[in-house]
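Per-entry structural report
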Amino acid sequence: MNNLYHTDRYQWIEQQKQLFRNGQYDQLDIDNLFWEIEGMGSELGALEHRLTTLIHHLLKYDYQQRVLNPALHEPYNCWDWITTIRRTRLAINKLIKKNPHIKPQINEQLAEAYPDAKKLAIDDMNQYVQPHQRLTANSFPSACPWTYDQMVQEDWLP
């Protein structure tokens, strides 16, 4: 059973579910089950952290493009943000691929991440704008304006 955990994680999970359903508790792989349960919290934390980073940079890009410099073909000072957006998308997709059990938690993690991302975007943007342009909580929507599917789409930008 331990070997299956290391060679075919999906099959191991299915096996553990079946043993649990059948009440065969003495046959469960307790050691590895413990590590799986222990890791679930950190995986959700990693997802929230990455979503915060992604939203943070999308908000800055959007504000720069939409409000500060709408006439510019390429928004001023956004290349680092775009690089971070791309890198974070890859990290999120990899995290979900390796841990598909956290996918149902995405909307909850998105709701958790947005207020922090919004605050970070406001703080960051206020370093670059003139005093009369200072951003406030009202500069961005109260809830994330984009869906998860939009945000992780490879070439999508607001």
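Keep in mind the model is a prediction, meaning the values are calculated, not measured.

Brief notes about the overall build of the chain
Looking only at helices and strands, one finds 6 helices and 0 strands in the chain. For the chain, the succession of helices and strands along the chain, N to C, is α-α-α-α-α-α. Taken against the 2.2 N^0.38 rule, which gives 15 Å for 158 residues, the C-alpha radius of gyration of the chain at 21 Å runs more than 25% over that of a compact globule. Within the chain, residue pairs in contact and separated by at least 24 positions form 71% of the contacts whose partners lie at least 6 positions apart. Of the roughly 10,100 Å² of accessible surface on the chain, a fraction of 52% belongs to carbon and sulfur atoms. In the chain, the 16 positive side-chain charges and the 20 negative ones have mean positions that sit 6 Å from each other.

Considering helix 5 (residues 106–125)
Each α-helix turn comprises 3.6 residues. Residues three or four places apart therefore point the same way. The terminal C-alpha atoms of helix 5 lie 27 Å apart, and with 20 residues this matches the ideal 28 Å at 1.5 Å per residue to within 8%. Along helix 5, the sharpest kink reaches roughly 30°, centred on Ala113 and followed within four residues by the proline Pro115. Looking only at helix 5, the buried set comprises Ile106, Gln109, Leu110, Ala113, Tyr114, Ala117, Lys118, Ala121, Ile122 and Met125.

With respect to the nonpolar core
Membership of the largest hydrophobic core comes to 33 residues, with the highest contact counts inside it found for Leu47, Ile55, Ile92, Phe140, Tyr148 and Met151. Mapped onto this core, the elements with two or more residues apiece are helix 3 (30–68), helix 4 (79–98), helix 5 and helix 6 (148–152). Residues contacting Leu47, with those up to four places away along its chain left out, are Ile92, Leu95, Ile96, Ile102, Ile106 and Gln109.

A word on the packing of aromatic side chains
With the rule as written, the count across this model stands at 5 aromatic pairs. On the basis of an interplanar angle of 75° and a centroid distance of 5.1 Å, the ring pair of Phe34 and Trp35 is categorised as edge-to-face. Relative accessible area serves as the criterion here: at 44%, Phe34 is assigned to the partly exposed category. Residue classification places Trp35 among the exposed positions, given a relative accessible area of 54%.

Section: helix 4
In this model, helix 4 (20 residues) spans 29 Å end to end at C-alpha, consistent with the 28 Å of a helix rising 1.5 Å per residue. Considered for burial, the residues of helix 4 that qualify are Trp81, Ile82, Thr84, Ile85, Thr88, Arg89, Ile92, Leu95 and Ile96. Angularly, the buried residues of helix 4 cover 155° about the axis, an arc narrow enough to put them on a single face. For helix 4, the exposed residues lying more than 90 degrees away from the buried face are Trp79, Asp80, Arg87, Leu90, Lys94, Lys97 and Lys98.

Comments concerning the pattern of salt bridges
Summed over all chains, the structure comprises 4 salt bridges. Between Lys17 and Glu14 there is a salt bridge whose closest N-O contact spans 3.0 Å. One end of the pair, Lys17, and the other, Glu14, are both in helix 2 (residues 9–21), 3 residues apart, so they sit about a helical turn from each other. The partner of Arg66 in a salt bridge is Asp62, with the nearest N and O atoms 3.1 Å apart. In this pair, Arg66 and Asp62 both sit in helix 3, 4 residues apart, roughly one turn of the helix. On the basis of relative accessible area, Asp62 is assigned to the buried category, the value being 12%.

Let's talk about the environment of Ile92
Along the chain, the position of Ile92 falls in helix 4. Linking Ile92 and Arg50, residues 42 residues apart in sequence, is a C-alpha distance of 6.5 Å. The residues touching Ile92, leaving out its near neighbours within four places in the chain, are Leu47, Arg50, Leu51, Leu54, Tyr148 and Val152.

Rules used in this analysis
- Residues numbered from 1 in each chain as written.
- Predicted model: local features only at pLDDT ≥ 70, side-chain atom pairs only at ≥ 80, totals over all residues.
- Heavy atoms only, no water.
- Helix = DSSP H or I, 4+ residues; strand = E, 2+ residues; numbered from the N terminus.
- Rg over C-alpha atoms; globule rule 2.2 N^0.38 Å.
- Contact = heavy atoms within 4.5 Å.
- Areas by Shrake-Rupley, 256 points an atom, 1.4 Å probe, with all protein chains shown as cover.
- Lys, Arg positive; Asp, Glu negative; His and termini not counted.
- Charge placed at Lys NZ, Arg CZ, Asp CG, Glu CD.
- Expected span 1.5 Å × (residues − 1).
- Bend = angle between axes of the 7 residues up to and from the residue.
- Buried < 20%, exposed > 50% of the residue type's maximum accessible area, 1.4 Å probe, protein only.
- Core = buried A, V, L, I, M, F, W, Y, C linked by side-chain atoms within 4.5 Å.
- Phe/Tyr/Trp six-rings, centres within 6.5 Å; stacked < 30°, edge-to-face > 60°.
- Arc of directions from axis to C-beta.
- Salt bridge = Lys/Arg side-chain N within 4 Å of Asp/Glu carboxyl O.

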